[in-house]
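A structural walkthrough
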Amino acid sequence: TNVACQLQALKYLPRFSDAWCNLGTSMTAGETVNVNGKDYTKRGCYLEALEYNPQHINTWLNLGNVISAGESVSVNGKDYTQRACCLQALEHNPQNSDAWNNLGIGMSACETVNVNDKHYTQRGCYLQALEHNPQSSFAWHKLGIGMAAGESVIVNGTNCSSADCIACAQVFVESLY
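Quick look at the structure, then. (Residues numbered from 1 in each chain as written. Predicted model: local features only at pLDDT ≥ 70, side-chain atom pairs only at ≥ 80, totals over all residues. Heavy atoms only, no water.)

1. A look at helix α2 (residues 17–26)
- Among the residues making up α2, those that are buried are S17, A19, W20, C21, L23 and G24.
- Looking at the buried side of α2, the elements it contacts are α1 (2–12), β1 (33–35), β2 (38–40), α3 (42–52) and α4 (57–66). (Buried < 20%, exposed > 50% of the residue type's maximum accessible area, 1.4 Å probe, protein only. Helix = DSSP H or I, 4+ residues; strand = E, 2+ residues; numbered from the N terminus. Contact = heavy atoms within 4.5 Å.)

Pasting the structure below:
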């Protein structure tokens, strides 16, 4: 299994951040694994990965996904919430569409967040995700369901209605199969 492969890698390279991140991703919720005599959950694997590589973008995103709303975790002595994990990923790669999607998920429609000295709404986060990955079915869907009837938005230079956005989401989901 993938868990066994990652455990094997960590046996020989215990500070290999990619293996720690992949191990956490391969585990089920609530599962624990023993690495060198210590038990780890998904979250614990991500924290280990960030201890060895604090710029590991996928680990920041994965950690944000396992933190509950209102909760924070300590990474290298600093506390991070779900949103702060997304912001860390964007600090290291502002073109990461998954980070923009995750940031949008954690916001209400009326909130704004500051990223690289610019303010973004939830919709702005989904538009950024689509700017960097025009085939993000998730961003298309979230953008479409967040729009009022008759409202439109410019996406990568094209005027789109809510129905257009939902239709794009469906096209890109179907293209995966």
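Let us keep going from here.
2. A few points about the side chain of S136
- One can find S136 in the loop between α7 (122–132) and α8 (137–145).
- The exposure class assigned to S136 is buried, which follows from its relative accessible area of 7%.

3. What to know about the pairing of strand β7 (residues 152–155)
- By the alternation rule, side chains of β7 split into V153 and V155, which are all buried, and S152 and I154, of which none is buried.
- Bridge analysis of β7 against strand β8 (residues 158–161) gives four bridges, and the strand direction is antiparallel. By the bridge assignment for β8, V155 is matched with T158.
- Joining the antiparallel neighbours β7 and β8 is a turn of two residues, in which N156 adopts a positive phi near 50°. (Pairing = 2+ DSSP bridges.)

4. Examining the side chain of E48
- Along the chain, the position of E48 falls in helix α3.
- Despite its burial, E48 pairs with no opposite charge; the closest candidate is K38, at 4.5 Å N-O.
- One polar contact links E48 to Y52, side chain to side chain, over a distance of 3.1 Å.
- Beyond its immediate stretch of four places on either side in the chain, E48 contacts W20, K38 and Y40. (Lys, Arg positive; Asp, Glu negative; His and termini not counted. Salt bridge = Lys/Arg side-chain N within 4 Å of Asp/Glu carboxyl O. Polar contact = N/O pair within 3.5 Å; in protein donor to acceptor, adjacent residues only side chain to side chain.)

5. Remarks on the packing of aromatic side chains
- Counted under the stated rule, the structure contains three aromatic pairs.
- Geometrically, the ring pair formed by W100 and Y120 is edge-to-face, given 4.8 Å between the ring centres and 65° between the ring planes. Taken together, the residues span a long stretch of sequence, with W100 in helix α6 (residues 97–105) and Y120 in strand β6 (residues 118–121) at a distance of 20 residues. Each member of the pair, W100 as well as Y120, carries the same accessibility label: buried. (Phe/Tyr/Trp six-rings, centres within 6.5 Å; stacked < 30°, edge-to-face > 60°.)

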